[in-house]
Amino acid sequence: MSPFEETSEARALSPRPDPAAPPSSQGLGWKRALAAAIRDPTELIGTLGLSKALIKPARRAATRFPLLVPRGFLARMRRGDPADPLLRQVLPLEREEEEVPGYGSDPVGDAAATCAPGLLRKYAGRALLIATATCAMHCRYCFRREYPYETAPKGMAEWRPALDQLAGDSSIQEVILSGGDPLLLTDRALDRLVREIEVIPHVRQLRIHTRLPIVLPERVTDALLGILCRFRLQTRIVVHANHPAELADDCAGALTKLADAGIPLLNQAVLLRGVNDDPATLFALSQRLVDLRVLPYYLHQLDPVRGAAHFFVPEARGITLIDALRRKLPGYAVPRYVREEPGAPGKVEILAPRPT
Ligand SMILES: *Cc1c(COP(=O)(O)O)cnc(C)c1O
Ligand code: SF4
């Protein structure tokens, strides 16, 4: 089974579009938008008016890691341009099937860091929960492309061992909800999970790592804001955008709602060849983020996950790009350029060698 095959819960929250259903005021808009996302490579390629020669390899590569892209995200792509930086993030390619030495299924040592089903602990004071197995978009470079999601908890009872560990270790001050995309949990499931975390007295911070405000902005409903703002915990959200064209008006609206609700917003991006590996794009990304009250947090070096080698950018190039940003932007608008090393005590900052 593909790790990204939809779980029954995800199916339950992805009803087929129902034309007679009430509009999005009832918070169903995002579920309908998710249900309507493109999953068929032929449709994606046809809709964008791209060469039919792309279809066969895309269909093949999609059998390993399915295509998934919401229509709102598709609308931000240029038609007829196979090099569009948003398309590149989602279009399955033949090159994904090349075996490249050093690229594997668990590039960041998740297996070794798993302490209970769904619970990853790598760094002091922080614990990460794999809150869901599903995403609203499948990013071809994803470091959890092959994560064994079937081992992560599905219902509340299966979360008990992870929650007991959090409760039993007073050094944990921050809990990070990740996945998959934790905001694909229903409001009710998210509320229940956060309630369980909230009663642990030593946990002070709740962090949510999500791409939904970018790729499925319909998810940022008033009901969601109500949940996120109700808790004793300080909540912050880390979104994931790689290119300024992702931050279109609907997405800007979602981010504005979150910022207006007082939730601190950060962004993490991945440095990707052909997507954002040039100074003008990274500069525009930082500026757009800052305009939307999102601080650029990390620029990640690509994790060597099987199927993503064609996105690789050498670290020397990354250092040059960050240096170019530093010359033009205030310090808070320059992300930290980092890589993840299995066994390291935190993300490792990639810096230019000091002149001797
Ligand atoms: C990246 C990561 C974190 C968060 O690291 P920060 O540097 O605090 O953003 C926490 N836990 C795990 C397992 C991670 O991979
Ligand atoms: S949204 Fe995040 S977890 Fe999901 S496929 Fe994209 S990078 Fe991976």
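Residues numbered from 1 in each chain as written. Chains lettered and ligands numbered in written order. Predicted model: local features only at pLDDT ≥ 70, side-chain atom pairs only at ≥ 80, totals over all residues. Heavy atoms only, no water.

Some points on the overall build of the chain
Right, on to step 1. Counting its secondary structure elements, the chain contains 14 helices and 10 strands.
Right, on to step 2. Viewed in the frame of its principal axes, the chain has a C-alpha envelope of about 70 × 50 × 40 Å.
Right, on to step 3. A burial count over the chain gives 54% of its 356 residues as buried.
Right, on to step 4. Counting only contacts in the chain whose residues sit at least 6 apart along the sequence, the fraction spanning at least 24 positions is 80%.
Right, on to step 5. Each charge class in the chain was averaged separately, 47 positive and 41 negative side chains, and the resulting centres sit 2 Å apart. (Helix = DSSP H or I, 4+ residues; strand = E, 2+ residues; numbered from the N terminus. Buried < 20%, exposed > 50% of the residue type's maximum accessible area, 1.4 Å probe, protein only. Contact = heavy atoms within 4.5 Å. Lys, Arg positive; Asp, Glu negative; His and termini not counted. Charge placed at Lys NZ, Arg CZ, Asp CG, Glu CD.)

Quick look at the environment of A37
Right, on to step 1. Of note, A37 is situated in the loop between α2 (29–35) and α3 (41–47).
Right, on to step 2. With 36 residues separating them along the chain, A37 and F73 place their C-alpha atoms 9.3 Å apart.
Right, on to step 3. What A37 contacts, discounting residues up to four positions off in sequence, is L68, V69, P70 and R71.

With respect to the site of ligand 2
Right, on to step 1. Residues in contact with ligand 2, as listed here, are C135, M137, C139, C142, R211 and H240.
Right, on to step 2. Applying the majority rule of atoms within 2 Å of the grid points places ligand 2 in the largest pocket. (Near = heavy atom within 4 Å. 1 Å grid on protein atoms, 1.4 Å probe; cavity = no way out; pocket = protein on both sides within 12 Å on 5 of 7 lines; lining within 4 Å. Sits in = over half its atoms within 2 Å of the grid points.)

Considering the confidence of the model for the chain
Right, on to step 1. Residue-level pLDDT values for the chain average 92, and 92% of them are 70 or greater.
Right, on to step 2. This model gives residues 1–26 a pLDDT under 50, and the stretch forms 45 contacts once residues within four places in sequence are excluded. (pLDDT = per-residue confidence, 0-100.)

Topic: the packing of helix α9 (residues 187–198) against helix α11 (residues 222–230)
Right, on to step 1. Packing of α9 against α11 brings their axes to within 10 Å, and their N-to-C directions diverge by 0 degrees. By the angle between their directions, the pair α9 and α11 is classed as roughly parallel. Residues D187, L190, D191 and R195 of α9 pack against A223, L224, I227, L228 and R230 of α11.
Right, on to step 2. Taken together, the residues that form the contact of α9 with α11 break down as 5 nonpolar, no polar and 4 charged. (Axes fitted to C-alpha atoms, helices over the stretch in contact; angles between N-to-C directions. Parallel < 35°, antiparallel > 145°, perpendicular 65-115°, else oblique. Nonpolar A, V, L, I, M, F, W, Y, C, P; charged D, E, K, R; others polar.)

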